[in-house]
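For reference, the chains in residue letters:
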Amino acid sequence: MNGLLKGKKGIISGALDSNSIAWKVAEKAHEQGAKIVLTNAPVAMRMGEIKNLATKINAEVIPADATSVDDLTNLFTKSQEILGGKVDFVLHSIGMSPNVRKNIGYTESNYDFYMKSIDISALSLHKMLAVAHKQDAISEWGSVVALSYIAAQRAYPFYGDMADAKATLESIVRSFGYHYGKAKKVRVNSVSQSPTKTTAGSGIKGFGDFFNFADAMSPLGNASAESCADYCISLFSDLTRMVTMQNLYHDGGYSWTGVSMELMEKLGKE
């Protein structure tokens with residue numbers, strides 16, 4: 001289907017480079033007719049290639065620290081000025097753990113780092129929604145999508161305090177989704193994606209082995225960044241108007257597979 005987002009306006013956070021899910025979402029949203037504002041933290045903008053994406057899709061970029069209410073207030077204010085009205089969709093693709101980056105084990109977590117993980121990866125969604133709610137910046141029947149991971153529900157030793165952050169993120173999706181739905185018919189969902197070969201994901205210790213494990217476990221294989229972008233576009237569109245407060249698995253069936261025959265056969269040969 002074409003033109004799913006024709007006439008819609010949106011804010012997409014987290015596009016770092018062409019491997020980013022947010023990057024793919026921005027490209028797809030543009031293809032489907034949307035006008036977009038891109039945003040990322042100032043440090044990520046210096047490291048990444050977001051300006052190349054902005055040129056490609058004719059979008060403006062507004063730097064914003066997603067942990068700063070002042071920066072988010074500026075983001076929504078300027079976005080509405082640039083786009084000519086309220087936004088119809090928002091992608092929250094924001095996550096970072098200093099503990100994981102520094103290879104500090106979960107049981108030895110540095111608590112200052114831990115709080116930064118929660119603030120950056122989860123509370124940033126609450127702050128974003130709170131600012132938008134206060135400004136009435138999202139149109140009725142608008143859609144907010146946050147990217148999550150199944151470690152919010154299950155133990156993955158290598159995922160560290162990011163698991164706690166994602167669990168908090170999904171709780172905010174439900175709680176704020178209720179309030180925003182009642183007030184303005186705005187829907188809020190999270191997408192729990194397969195392990196994906198993004199710049200951030202690939203930096204996790206042992207990621208390659210786990211990527212292959214998840215791919216072997218999933219009856220459809222791992223979902224790519226591009227297919228995740230397609231799913232996000234469907235959630236931004238009017239086709240999913242009655243879907244809210246959900247954590248939606250986009251993982252090729254991994255989340256509901258106990259064990260795959262492929263892995264059983266592989267283990268049997270070892």
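It should be noted that the structure appears before, not after, this text.
The rules we used
- All residue numbers refer to position in the chain's written sequence, counted from 1.
- The model is predicted, so local features are restricted to residues of pLDDT at least 70 and side-chain atom pairs to those at 80 or more, both for listing and for counting; the totals for chains, interfaces and linings are taken over all residues.
- Heavy atoms throughout the structure, all of them, feed into the side-chain values; hydrogens and water do not.
- Each helix corresponds to a stretch of at least 4 residues labelled H or I by DSSP, and each strand to a stretch of at least 2 residues labelled E; elements are numbered beginning at the N terminus.
- Restricting the calculation to C-alpha atoms gives the radius of gyration, and the globule rule supplies 2.2 Å times the number of residues raised to the power 0.38.
- It only takes one pair of heavy atoms within 4.5 Å for two residues to be counted as in contact.
- Areas reported here follow the Shrake-Rupley algorithm with a probe of radius 1.4 Å; residue values treat only the protein chains shown as occluding.
- The sign given to each residue is positive for Lys and Arg and negative for Asp and Glu; His and the chain ends receive no count.
- Where a charge lies is defined by one atom per residue type: Lys uses NZ, Arg uses CZ, Asp uses CG and Glu uses CD.
- Detection works on a 1 Å grid of protein atoms alone, calling trapped sets that fit a 1.4 Å probe cavities and calling open sets with protein on both sides within 12 Å along at least five of seven lines pockets, with lining residues defined by an atom within 4 Å of a point.
- Grid points are joined across faces, edges and corners, and a volume is the space filled by probe spheres set on the points.
- Stacked, tilted and edge-to-face are the three classes applied to pairs of Phe, Tyr and Trp rings, where Trp contributes its six-membered ring and a pair requires centres within 6.5 Å; stacked means planes under 30 degrees apart, edge-to-face means over 60, and tilted covers the rest.
- In this scheme, Lys NZ or Arg CZ marks a charge over a ring once it lies within 6 Å of the ring centre and within 35 degrees of the ring normal.
- What a helix should span is 1.5 Å times the count of its residues minus one.
- Throughout, exposure labels follow a simple rule: accessible area from a 1.4 Å probe, protein chains only, divided by the maximum for the residue type, with under 20% read as buried, over 50% as exposed, and the rest as partly exposed.
- It is the directions from the helix axis to the C-beta atoms that the arc portrays.
- Surface patches are defined over residues having more than 30% relative accessible area and no salt bridge, joining like charges when they lie within 9 Å and nonpolar side chains (Val, Leu, Ile, Met, Phe, Trp, Tyr) when within 5 Å.
- For this document, the term salt bridge refers to a Lys or Arg side-chain nitrogen within 4 Å of an Asp or Glu carboxyl oxygen.

Here we take up the overall build of the protein chain. Counting secondary structure elements, the protein chain contains eleven helices and seven strands. The globule rule puts the C-alpha radius of gyration for 270 residues at 18 Å, and the 18 Å found for the protein chain is close to it. If one aligns the C-alpha atoms of the protein chain with their principal axes, the spans along those axes are about 60 × 45 × 40 Å. Sequence separation of 24 or more characterises 76% of the internal contacts of the protein chain that already satisfy a separation of 6 or more. About 13000 Å² of surface is accessible on the protein chain, with carbon and sulfur atoms providing 54% of the total. Of the side-chain charges in the protein chain, 28 are positive and 27 negative, and the distance between the mean point of each set is 5 Å.

With the rule as written, the count across this model stands at one cavity of 30 Å³ or more. In this structure, the largest cavity encloses a volume near 50 Å³. Lining the largest cavity, in full, are Y149, I150, S192, Q193, S194, P195, A214, S218, N222, D251 and Y254.

What follows is about the packing of aromatic side chains. This structure, assessed with the given rule, holds ten aromatic pairs. Cluster of aromatic residues (ring-pair linked, three or more members): Y149, Y156, F158, Y159, F210, F213 and Y254. Over the ring of F211 we find K197; its NZ or CZ atom is 4.4 Å from the centre of that ring.

In this model helix α4 (residues 69-83) runs 21 Å from its N-terminal to its C-terminal C-alpha over 15 residues, within 8% of the 21 Å that 1.5 Å per residue would give. Those residues of α4 that sit buried are L72, L75, F76, S79, Q80 and L83. Seen along its axis, α4 keeps its buried residues to an arc of 115 degrees; they face one direction. Along α4, exposed side chains directed more than 90 degrees from the buried face belong to D70 and E81. Against β1 (9-13), β2 (35-40), β3 (60-63), β4 (87-92) and α6 (111-135) lie the buried residues of α4. Phi turns positive, to about 80 degrees, at G84, one or two residues after α4.

A few words now on a nonpolar patch on the surface. Taken together, the side chains of V259, M261 and M264 present a nonpolar region at the surface, about 320 Å² in accessible area. One can find M261 in helix α11 (residues 261-269).

Moving on to the pattern of salt bridges. Under the criterion given, the structure shown has eight salt bridges. A salt bridge links D136 to K86, with the shortest nitrogen-to-oxygen separation between them at 3.0 Å. A residue pair is termed long-range when its members are at least 10 positions apart, and D136 in the loop between α6 and β5 (138-148) and K86 in the loop between α4 and β4 qualify at 50 residues. Accessibility expressed as a relative area gives 23% for D136, which makes it partly exposed. A network of salt bridges, in which partner residues are shared, links K8, D238 and R241.

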